[in-house]
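# Residue-level structural notes
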Amino acid sequence: MNTSFRSGFFVLTFFFTCASSVLAQQAVAPVVTTADYQRAEKMLVYNTSPLIDRASVRANWLPGERFWYRVLTAAGSEFILVDPARGTRKIAFDHQKLASALSSATGQNYEAFRLPFMTFNYSPDGRSITFSAAGKSWKYNAETNNLEANSAAATESPMRQRSATSVLSPDGQRAAFIRNYNLWVRDVTTNQEKQLTTDGIKDFGYATDNAGWKRSESPVVAWSPDSKKIATYQQDQRNVSDMYLVTTNVGKPKLEAWKYPLPGDKDIATIHRVIIEVDNPTVIRLKLPPDPHRGTLCDDISCSGNEFGDVQWSSDALRVAFVSTSRDHKQEKVYIADATTGTIREVFQENVATQFESGQGSSNWRFLPATNEIIWYSERDNWGHLYLYDAETGKLKNQITKGDWTITKLLKVDEKNRTLYFLAGGKEVGRNPYFSHLYKVKFDGKGLTLLSPEDGNHQISLSPSGRYFIDTYSKQDVPPVVVLRNADGKLIANLEKADISRLTATGWKAPTPIVVKAKDGQTDLYGLMFTPTNLDPNKKYPIINYIYPGPQGGSIRSWSFEVANGDNQALAELGFVVVAIEGSCNPLRSKSFHDLCYGNMHENTLPDQVTGMKQLAAKYPYIDLDKVGIWGHSGGGYATAAAMFRFPGFFKVGISESGNHDNRNYEDDWGERYIGLLTTGPDGKSNYEAQANQNYAKNLKGKLMLAHGMLDDNVPPYNTLLVVEALNKANKDYDLVIFPNSRHGYGGFSYYMMRRRWDYFVKHLLGATPPQEYELKPKQDMRNPI
């Protein structure tokens, strides 16, 4: 054969072979359209939530322990009245009659199950209700069907309007508030004001609420039961370092400065504990040195609203029990103070090697002055349990609960019957250990009884007396059922059973619960997997890991049923498998499980995530482990960047939002609690150095997007800018999204960030072109009045 012909034939053949290969690749390349984004958007909460009916009960308790609630239905909503004593459940009033009466009175057209209010008040005799609608306050007698306007306009009381920055006394007659760094009270009826302290100054004020990472204008106080005294503090921040942020605007930026201590700072915020007599203003200082601004429950002293945590009054208001937490959370000291003199007495103390916490969601210790006892929570035997102490001698009387399971919340102490009611997980064999159940037990540890027997996660709401409780139970893939039980667990009434038929009719499906082994190959880890509703098991799908490493919480937002888990299902609709794995180092299991990352936060549960996804890929062949993405916000942003830098061969695409990339640049309480006090080694480096993400930025191989709000007063933006600078120095390509005037969660730009997240994974992990500038449009559930 002619050599030139043979050569030309080879070139031509090679050309067509290559062209065919390119065309074949193009033919199978994924296509993502506007319709795909619309289908994904249908899985977001503002589209799914309006399609679930009869899913929840929020009780409004009345005298005699009756209660009413409003439940959402396919038609709109219904108001239900329940009488536990009689075991009855009925419509609270004739909705049609009220709608007709209100329509006639206002000239507007109201439907029976779309009434223009969500709450109301019963009259003392229970015959009539009052509510606000159409700019007026109304009174409706359900027996006579009589409707009348109470006033020309419905307005909030001055006290109600100020409630965001004041704290009401137990008798509801006075409210405490801060003015010019001093504590004041206001009479709710007369609006007369009284100054309680006079020596408060800037950065040394009374009851001031500033933990650095969060702050408010509301006072942090604990009223005495008789409403005549207040336990609070004078917070000393005078030598604490400042944090600075600046606005972005036309003209000169505005400087925002406030006290924000960092790990290792010589001076942190301290509190001088005081008791204030209200009637004749007197400040009684407790006779002990200032305490670090620390608490047993979270990285603040006020973990729930304006509640002064770890402070409990005796019923006669003569004594106050409180817990003093060391700067590093390794030591807890329990004191009892004389509320008249300020003298104190140490009852007992507990010391731990890592960090102490008193529960999940609430501090699980109680002062019982009537019997001079203290219920105490401890993980000293590796599990969270309750202990009974003598408050006079400080000696342990007995361990109340024990076993390889963990108490999370102490809900009620029945002192008369010496019985405790609490939530716990892990006790019921064969069930998800994160599922919460309600139990009761005697002070002596006898009579441990399960009160919520169904398999699932139980959310409990006690009646004011504790004689009844509302039990809402569900699983991530099983809709909720709501029942009413008495304190012995006896079923009193079936209240609601969620109906998701309208939701499933749209093609929605629940996530798949998963169990994988941790990096140790032995410990079970639990999580959720989200797959496209049109999943083709014969295809390959990139996998995305949603991560929040804790250690104060994990990647699973809730262990109960949810119609949307963030945008996990929405993201799956675009052609991905999305997983959330609750890694080790997180709470709700054993102490040793929680402590696995203590002092070593840069681990971020990442070895667990990697091995977990490998196990899932072995079980589900449609998972493509050559295309792995990861994203997270805050601590999840820190973990995401760490994943891209430390496992560059495994994670190909990452989106790191608002990450605390160097905990020397994050608030003191979090780092010093979970990493320990900052120390410097012989090499001149601190124990925080090896955990800083910017030190590993040079390892980046994949595609990384960083995002931060420049007015983030929780995790200051300089955390991300440290990583940006390191990437620049390493000559690395990356993407950066900045929100010039946004806080930690981006506010009104959160859906913009969500869309950018979708685009980034579609483009760089799926290899497709996303629709240009798709706009997510949140909307309200029209069953709720605007």
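That block above? That's the structure.
Basis of the calculations
Residues numbered from 1 in each chain as written. Predicted model: local features only at pLDDT ≥ 70, side-chain atom pairs only at ≥ 80, totals over all residues. Heavy atoms only, no water. Phe/Tyr/Trp six-rings, centres within 6.5 Å; stacked < 30°, edge-to-face > 60°. Helix = DSSP H or I, 4+ residues; strand = E, 2+ residues; numbered from the N terminus. Buried < 20%, exposed > 50% of the residue type's maximum accessible area, 1.4 Å probe, protein only. Salt bridge = Lys/Arg side-chain N within 4 Å of Asp/Glu carboxyl O. Pairing = 2+ DSSP bridges. Axes fitted to C-alpha atoms, helices over the stretch in contact; angles between N-to-C directions. Expected span 1.5 Å × (residues − 1). Core = buried A, V, L, I, M, F, W, Y, C linked by side-chain atoms within 4.5 Å. Right-handed = clockwise from strand over helix to strand, strands pointing away. Contact = heavy atoms within 4.5 Å. Polar contact = N/O pair within 3.5 Å; in protein donor to acceptor, adjacent residues only side chain to side chain. Disulfide = S-S within 2.5 Å. Arc of directions from axis to C-beta.

### With respect to the packing of aromatic side chains
This structure, assessed with the given rule, holds 37 aromatic pairs. Centre to centre, the rings of Phe117 and Phe131 are 4.2 Å apart; their planes meet at 20 degrees, and the pair counts as stacked. One end of the pair, Phe117, is in the loop between helix H4 (95–106) and strand S5 (121–122); the other, Phe131, is in strand S6 (residues 128–133), and 14 residues separate them in sequence. Residue Phe117 shares its accessibility class with Phe131, and that shared class is buried. With a centroid separation of 5.2 Å and 20 degrees between ring planes, the pair formed by Phe322 and Tyr335 is classed as stacked. Taken together, the positions of Phe322 in strand S24 (residues 319–325) and Tyr335 in strand S25 (residues 331–338) put the pair 13 residues apart, joining distant regions of the chain. Exposure remark for Tyr335: the relative accessible area of 11% places this residue in the buried category. Feature note: the residues Trp68, Phe79, Phe93, Phe117, Phe120, Tyr122 and Phe131 constitute an aromatic cluster, connected by ring pairs.

### Quick look at the pattern of salt bridges
Any two side chains of opposite charge can pair, so long as their charged atoms come close to each other. Scanning the entire structure with this criterion turns up 45 salt bridges. The closest approach of N and O atoms between Arg54 and Glu78, which form a salt bridge, is 2.8 Å. On the criterion of sequence distance, the pair formed by Arg54 in the loop between helix H3 (45–48) and strand S1 (60–61) and Glu78 in strand S3 (residues 77–83) is long-range, its members being 24 residues apart. Arg54 sits in the partly exposed class, given a relative accessible area of 21%. Between Glu350 and Arg380 there is a salt bridge whose closest N-O contact spans 2.6 Å. Note that Glu350 is positioned in strand S26 (residues 344–351) and Arg380 in the loop between strand S28 (373–378) and strand S29 (385–390), a separation of 30 residues in sequence. Given a relative accessible area of 8%, Glu350 falls into the buried group. Via salt bridges that share partners, Arg294, Arg327, Asp668, Asp669 and Glu672 belong to a single interconnected network.

### Observations regarding the sheet that holds strand S41 (residues 541–546)
As summarised here, the arrangement of the eight strands in space is S39-S40-S42-S41-S43-S44-S45-S46, forming an open sheet in which the pairing is mixed. At either margin of the open sheet sits one strand with a lone partner, and together these are strand S39 (512–517) and strand S46 (735–739). Averaged over all pairs of adjacent strands, the angle between their axes in this sheet comes to 20 degrees, without regard to strand direction. Sheet topology note: the S39/strand S40 (residues 524–530) ladder contains six bridges and is antiparallel. Looking at the pairing, Val516 lines up with Leu525 of S40.

### Details of H4
Helix length check: H4 (12 residues) gives 16 Å between terminal C-alpha atoms against 16 Å at 1.5 Å per residue, within 8%. If you check which residues of H4 are buried, you get His95, Leu98, Ala99, Ala101, Leu102 and Ser103. Gly107, located one to two residues past H4, shows a positive phi value of around 75 degrees.

### Regarding the nonpolar core
Nonpolar side chains tend toward joint burial in soluble globular proteins. Residues Phe576 and Trp758 are the most contacted members of the largest nonpolar core, which totals 88 residues. Grouped together as the second largest cluster of nonpolar side chains are 21 residues, Leu62, Ile129, Phe131 and Tyr140 included.

### Some remarks on the pairing of strand S44 (residues 653–657)
In terms of burial, S44 is a largely internal element, five of the five residues being buried. A two-sided burial pattern is seen for S44, the buried positions comprising Val653, Ile655 and Glu657 on one face and Gly654 and Ser656 on the other. As paired strands, strand S43 (residues 623–633) and S44 are joined by five bridges and run parallel to one another. Each residue of the ladder has a partner; that of Ile630, found in S44, is Gly654. Between the parallel elements S43 and S44, the chain passes through helix H10 (residues 635–646) in a crossover that is right-handed.

### Structural notes on the side chain of Thr208
If you trace the backbone, Thr208 turns up in the loop between strand S13 (204–206) and strand S14 (209–210). Apart from the residues within four sequence positions on either side, Thr208 is in contact with Ile178, Tyr233 and Gln235.

### A short note on the environment of Tyr468
Position of Tyr468 relative to the elements: it lies in strand S36 (residues 468–475). Considering only alpha carbons, one finds Tyr468 and Trp376, 92 residues apart in sequence, at a separation of 25 Å. Once residues lying within four places of it in the same chain are set aside, the contact partners of Tyr468 are Glu65, Pro84, Ala85, Ser461, Leu462, Ser463, Leu484, Arg485, Asn486 and Ile492.

### Structural notes on the side chain of Asn210
Position of Asn210 among the secondary structure elements: in strand S14. Residue classification places Asn210 among the buried positions, given a relative accessible area of 10%. Only 2.8 Å separates the side chain of Asn210 from the backbone nitrogen of Gly212, close enough to count as a polar contact. In this structure, Asn210 is in contact with Arg215, Gln235, Gln237, Trp258, Lys259 and His293, ignoring residues within four places of it in sequence.

### What to know about the state of the cysteines
Going through the model one piece at a time under the given rule, you end up with two disulfides. A sulfur-sulfur distance of 1.9 Å marks the disulfide that ties Cys298 to Cys303. Its torsion about the S-S bond being -95 degrees, the disulfide of Cys298 and Cys303 is classed as left-handed. Between Cys585 and Cys597 runs a disulfide, and the two sulfur atoms are separated by 1.9 Å. Negative torsions about the S-S bond denote left-handed disulfides, and the value of about 55 degrees found for Cys585 with Cys597 makes this one right-handed. Placement of the pair is Cys585 in the loop between strand S42 (577–582) and helix H8 (591–594) and Cys597 in the loop between H8 and helix H9 (606–619), with a sequence separation of 12 residues. The two residues Cys585 and Cys597 agree in class, both being buried.

### Notes on the pairing of S6
Two faces belong to every sheet, and in a regular strand the side chains alternate between them. Summarising the sheet, S5 and S6 pair through two bridges and their orientation is antiparallel. Note that in S6 the partner of Tyr122 across the bridge is Ile129. Connecting S5 to the next strand, S6, in antiparallel fashion are five residues, including Gly126 with a positive phi near 75 degrees. Alignment of S6 against strand S7 (residues 136–141), held across six bridges, turns out to be antiparallel.

### Here we look at helix H2 (residues 34–41)
If you check which residues of H2 are buried, you get Asp36, Tyr37, Ala40 and Glu41. The arc enclosing the buried residues of H2, seen along the axis, measures out at 140 degrees, which places them on a common side. As for H2, its buried residues are in contact with H3, helix H7 (568–573) and helix H13 (750–764).

### Some remarks on the sheet that holds strand S35 (residues 457–462)
In space, the four strands of this open sheet follow the order S35-S36-S37-S38, with antiparallel pairing throughout. Each having just a single partner strand, S35 and strand S38 (491–497) make up the two edges of the open sheet. Across this sheet, the average inter-strand angle for adjacent strands is 20 degrees, counted without regard to direction. Note: strand S37 (residues 478–486) against S38, five bridges, orientation antiparallel. Bridging from a neighbouring strand, Leu484 pairs with Ala493 of S38.

Read these as geometric descriptors, not functional statements.
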